[in-house]
Amino acid sequence: MTEEFVQIRNLHRTFQEGELGHPVLQGTSLTVNRGETVALLGRSGSGKSTLLNVISGIDKADAGTVIVDGIDLTALSEHECTLFRRQHIGFVYQFFNLIPTLTAAENIALVLELNGYSPVVIKEKTDRMIQAVDLEKEKDKFPDQMSGGEQQRVAIARALVHSPKLVLADEPTGNLDAEIGQQILKLLRELITGKQGTLMLVTHSLAVARTADRIITLEDGLLVEREGHFAW
Amino acid sequence: MNRHRWQSWLTFIGVMLGVTMVVGVDLANSSARRAFSLSLDSIAGSVTHQIIGGPKGIPDSVYTRLRTELAIRSSLPMVIGQVSIKGRNFTLLGVDPIPETTLGRHMTGLETHGLSRALLDDNAVMLSRRAADKLGLQISEVFELRTGGRTFLVRLVAIFPSDNPAATEGLLFADIAVAQRLLNRFGRLDRIDLILDESDRDEIQAWLPAGLGLVASELRNDSMRQMSEAFHINLTAMSLLALLVAALLIYNTVTLSVLQRRNTLGIFRALGVTRKEIFVLVLRESLLLATAASLAGLVMGLLLGQALVQLVTRTVTDLYFNLHVTAFLIDPLSLLKGFLMGLGMAFIACSIPAWEASRSRPVNVMQRSTVERRWQLRLPMLTALGAVCLVAGLLLVARTHGSLVEGFFALALIVFGFCLMVPGMVVLVTRLLLRILSPLLGSTARIALRDINAGISRTGMAVAALTVAVSVTVGVGVMVSSFRETVSVWLGQYLSGDIYVSTLDRNGSGLTPALKSRLQALAGVASVAPSRIENIETEFGPVRLIALTPTENDTRLPLKHSVEGVAELFYQGKGVLISEPLAYHQQLSSGDSITVLAAKGEQQLRILGVYYDYTTSRGMIAMHREAYRELWDDERISGFTIYKEENADQANLLDAVRKILTSEADQIRVSSNQEIRETAMAVFDRTFAITHVLRLLTILVAFVGVLSALMALQLERTREFAILRATGMTPRQISVMILGQTGLMGLLAGLLSIPLGLLMADILIDVINRRSFGWSMLHRLPAGVLAEAVFLALIAAVLAGVYPALKAASISPAQALREE
């Protein structure tokens, strides 16, 4: 039985550029089921990343609602939103966004610490995740000592180590070559599927999008679900 | 500049404060120096030589004979004393108005009828226009004048418009006879000013009666000027330190401005803009800002100088010479100097980042990682260079007889060397902390610690600036409290008597052997010791002499090096003791001799030993009163020291002594040893009041430095904070992390400032003070000063961190990540 996990209703978001307003989301609506993988396709600047930011609560919509696992994120305070994010959401970015002054293991453990896990549990979960992403040899390295692929594996581990209900990935392979990109994507899918997680994936690549359960495009601030030919 | 206003403001404030300090102190110093010169010149004028006498002065007849027998017309007799009118202090000059006006020295424009009246009236005095206006006095007005504890009624008979109002505003003129009466100097002159050529000089030298001397006035004035010079050098050194801290601040902000525009500069380079053009571009806009800030610093410096000049002239008056000129004089040279120094410092400080920007390749113009990598690579070299400077400074300090400027240069080398070592030490400490505390540290603490290391170009400089500023607090604080303790201990020895009777009158009138007997007869009095304090002429210029009758176990003259038999020789009048400053400055020691001008002519006195004395840095000679009487034929007494019997009550005895002297209460002062101690300590505290002002300003400059460094860090780490916020860190956690980081930086600065501050204190005590004043001091380590330093650094850093922390916490993660 399908369960509606993410419900986005009539979302609006406009960015001010000088004196002009640039509308990015114009009444966007979407429903994602629990355990589903959804790929979001769209041109540059179409609002894909903005949509992920609003869903995760790091950006605020001008209007509309975002409900994740029954909780209306748009009704939460900034503080509540942050707590929700750290407990239930994992984020993977195109440019990895690792903390440069933390080692691979420390970057992974960070979110567990923020969630108040005990040191024993943190170590156990971190070690398990390091093993899962095959980074045992790199765990004490700092981001600038690792390759792009290794850094993205750390980012995936950090996004999944606290078993979030929802994983948001913003062009996770966009900064990697094709082969490494495929490996990363495979790893991400495996780990999420293993944890019955829901994945929303922003990508430019149709090949990547096709690995998802559903493909949705963002055009003129509106989401369109379709199969077939894509212009980009 | 417009886009990063806060950063421009910080640079502006840093340069402005640095220039303010330099200009303010320099103006106060130059005003005090001018006041010193004017005060000297207004008394000495354009004379070439002076005839001087001993404690009793010069008999009137010498002047008459000089004019009649030697036909020296360019001679000006003078009687000098301090008087008070309406609560203001004036220097009373008793002159002969005829040669004075003939030579056009002071009283230019004096009307003839005023002159004739001045000669007729035995209460007549004259003032310059400015002085009369200040006192609100009109011609013919009768007013009170106090001197030597007595009050006289005098009449203002003439007001003259002086050529140099500033120089004459603190002077009161009277005919010699009037001044002699007011100052109780009947038949005596203090000196005779002369305008001589070489042949006259030799003739007068040969003619002079025994007990009188002829000295070149310029040499004499120079020796007076040199005395306070050390004080001015000390102040200047402190203001330069503030400039050094400001330089660190500028370096920080300019580097930041280059970092912020790395993309623009990179594009410029890619488009073909040359390295030289990039260098000029970065330098030009920094210098534009520095110019505006230096100009603002000049205005602020004027205000600071005005406030400081009162403190400086008061200290100079307390310590060296009665300055009757207190006007604040704006020296254009001080302003120009301050302006150029501000600009020069800004030029040096921003040349480094400008040069680095110009040296980079187009692709990586000053990326943060590029800068930090360079810094990490340079750290060992920087630390080694710092160590070399430090060792060179220490070696220089170790030289026994260097100059004061050399001492300050050594101190600057040590401070600069230590400053260069600070970033290395910060890295070392944070690494150690990370290693030792690793199991206990959470990611947030690790980020905070590692960010200090990762941004060492910025954090290292900020900690260095704060360390230097706080070390000044430690150094000066330890020095002042050591000095205070030394003076306190010395006063305990020096004030060995219980009650002191002294007179305000130079002639000691009222203090007679009969009074001594009356005091001696009081119940509870064990003994009464008379003493005489006089200025005598020596081969080194005028020196204060104390002639006393030592009692058994007398502790008033604590010897530096105890030598057997010295006390006996001193009691027998077979030599003198000299104070430590005199010994140090003139390089005298026991066994040497000192030439003095006694009543019978020049005499060589054997130096028996050197004693601790903190009354004056000009130096003192102590001798047995009997020997003094014999040499100068002077029976007068300046004071009595009363020793009470062991069980006698001091308060009762004080009342009894005061009762005896009731009728002469205006003239004779009776004080307990405790009262004198309190007054002395009050003068001490007043002397060092200026150091508190300068310390505070230095800390303020450092505070701005830390703030700018933290703002820079915050700006550079915007993305990092955004990631942390996106990962789930709350704004409060971000703020706490930043405040923890700045707190740690402050703590490090506080702790590092202790060794530097203690080193500075040692140098201030053993080198600077010694070379400036000739005093040696006890070394005291007040725990309060050290705790205060750590606390001050911590508070300054945490306060400086509040704004950046709030800014970082309010970052919109989505926007920050999008912008990157």
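Quick notes on the rules
- Residues numbered from 1 in each chain as written.
- Chains lettered and ligands numbered in written order.
- Predicted model: local features only at pLDDT ≥ 70, side-chain atom pairs only at ≥ 80, totals over all residues.
- Heavy atoms only, no water.
- pLDDT = per-residue confidence, 0-100.
- Helix = DSSP H or I, 4+ residues; strand = E, 2+ residues; numbered from the N terminus.
- Core = buried A, V, L, I, M, F, W, Y, C linked by side-chain atoms within 4.5 Å.
- Buried < 20%, exposed > 50% of the residue type's maximum accessible area, 1.4 Å probe, protein only.
- Domains from an automatic or database assignment.
- Contact = heavy atoms within 4.5 Å.
- Expected span 1.5 Å × (residues − 1).
- Bend = angle between axes of the 7 residues up to and from the residue.
- Salt bridge = Lys/Arg side-chain N within 4 Å of Asp/Glu carboxyl O.
- Pairing = 2+ DSSP bridges.
- Axes fitted to C-alpha atoms, helices over the stretch in contact; angles between N-to-C directions.
- Buried area = accessible area lost by both parts, 1.4 Å probe.
- Polar contact = N/O pair within 3.5 Å; in protein donor to acceptor, adjacent residues only side chain to side chain.

1. Structural notes on the confidence of the model for chain B
Part 1: Of all residues in chain B, 84% attain a pLDDT of 70 or more, and the chain-wide mean is 80.
Part 2: Strand S15 (residues 576–579) of chain B holds the highest mean pLDDT among the elements of chain B, 93, whereas helix H4 (residues 112–120) of chain B holds the lowest, 55.

2. Brief notes about the nonpolar core
Inside soluble globular proteins, nonpolar side chains tend to come together where they are buried.
Part 1: Judged by nonpolar contacts, the single largest core of 98 residues is most densely connected at B:Val463, B:Leu466, B:Phe483 and B:Leu577.
Part 2: In terms of residue count, the dominant contributor to this core is helix H16 (residues 456–494) of chain B (20 residues).
Part 3: Structurally, this core is a two-domain feature, drawing no fewer than three residues from each of domain 2 (420–494 + 684–820) and domain 3 (505–666) of chain B.
Part 4: Residues in contact with B:Leu577, not counting those within four places in the same chain, are B:Leu557, B:Leu559, B:Val566, B:Phe570, B:Leu608, B:Gly609, B:Tyr611, B:Met620, B:Ile621 and B:Ala622.
Part 5: Formed by 52 residues, the second largest nonpolar core is a distinct cluster that contains A:Phe5, A:Leu51, A:Leu52 and A:Phe91.

3. A closer look at helix H26 (residues 783–809) of chain B
Part 1: Across its 27 residues, H26(B) extends 37 Å between first and last C-alpha, which sits within 8% of the 39 Å expected from 1.5 Å per residue.
Part 2: Of all bends in H26(B), the biggest is about 35°, found at B:Val802, and the proline B:Pro804 comes one to four residues later.

4. Here's the deal with the pattern of salt bridges
Residues and elements named next belong to chain B.
Part 1: Within this structure, the stated rule accounts for 30 salt bridges over all chains.
Part 2: Of the charged contacts in the structure, one is a salt bridge between Arg484 and Asp685, with a shortest N-O distance of 2.9 Å. Of this pair, Arg484 sits in helix H16 while Asp685 sits in helix H22 (residues 673–687); the two residues are 201 residues apart in sequence, bridging distant segments of the chain.
Part 3: A relative accessible area of 33% means that Arg484 is categorised as partly exposed.
Part 4: Exposure remark for Asp685: the relative accessible area of 35% places this residue in the partly exposed category.
Part 5: A salt bridge links Glu580 to Arg770; the nearest nitrogen and oxygen atoms lie 3.3 Å apart. Separated by 190 residues along the polypeptide, Glu580 in helix H19 (residues 580–585) and Arg770 in helix H25 (residues 731–773) bring together distant segments of the chain. The two residues Glu580 and Arg770 agree in class, both being buried.

5. Some words on unusual backbone geometry
Part 1: Phi at A:Asn97 takes a positive value of approximately 50°, unusual for a residue other than glycine.
Part 2: Phi at B:Gln587 is positive, roughly 50°, even though this residue is not glycine.
Part 3: Relative to the helices and strands, B:Gln587 resides in the loop between H19 and strand S16 (593–598).

6. Considerations on the sheet that holds strand S4 (residues 63–68) of chain A
All names here are of chain A.
Part 1: Taken together, four strands build an open sheet; the order of strands is S2-S1-S4-S5 and the sheet is antiparallel. In the strand order of this sheet, the two ends are held by strand S2 (20–33) and strand S5 (71–72), each with one partner.
Part 2: Packing of helix H1 (residues 48–56) onto the sheet brings it into contact with strand S1 (4–17), S2 and S4, and relative to S1 it is tilted by some 120°.

7. Remarks on the interface of chain A and chain B
Part 1: Contact residues are listed per partner, giving 26 residues for chain A and 23 residues for chain B.
Part 2: Between chain A and chain B, roughly 2,100 Å² of surface is buried when both sides are summed, and carbon and sulfur atoms account for 58% of that area.
Part 3: Taken together, chain A and chain B are joined by three salt bridges.
Part 4: Of the charged contacts, one joins A:Glu78 and B:Arg725 as a salt bridge, the two residues approaching to 2.2 Å between their closest N and O atoms.
Part 5: Between the two partners, chain A and chain B, sit eleven residue pairs in polar contact (both at pLDDT 80 or more).
Part 6: For the side of chain A that touches chain B, the element with the highest residue contribution is helix H2 (residues 78–88) of chain A, accounting for six residues.

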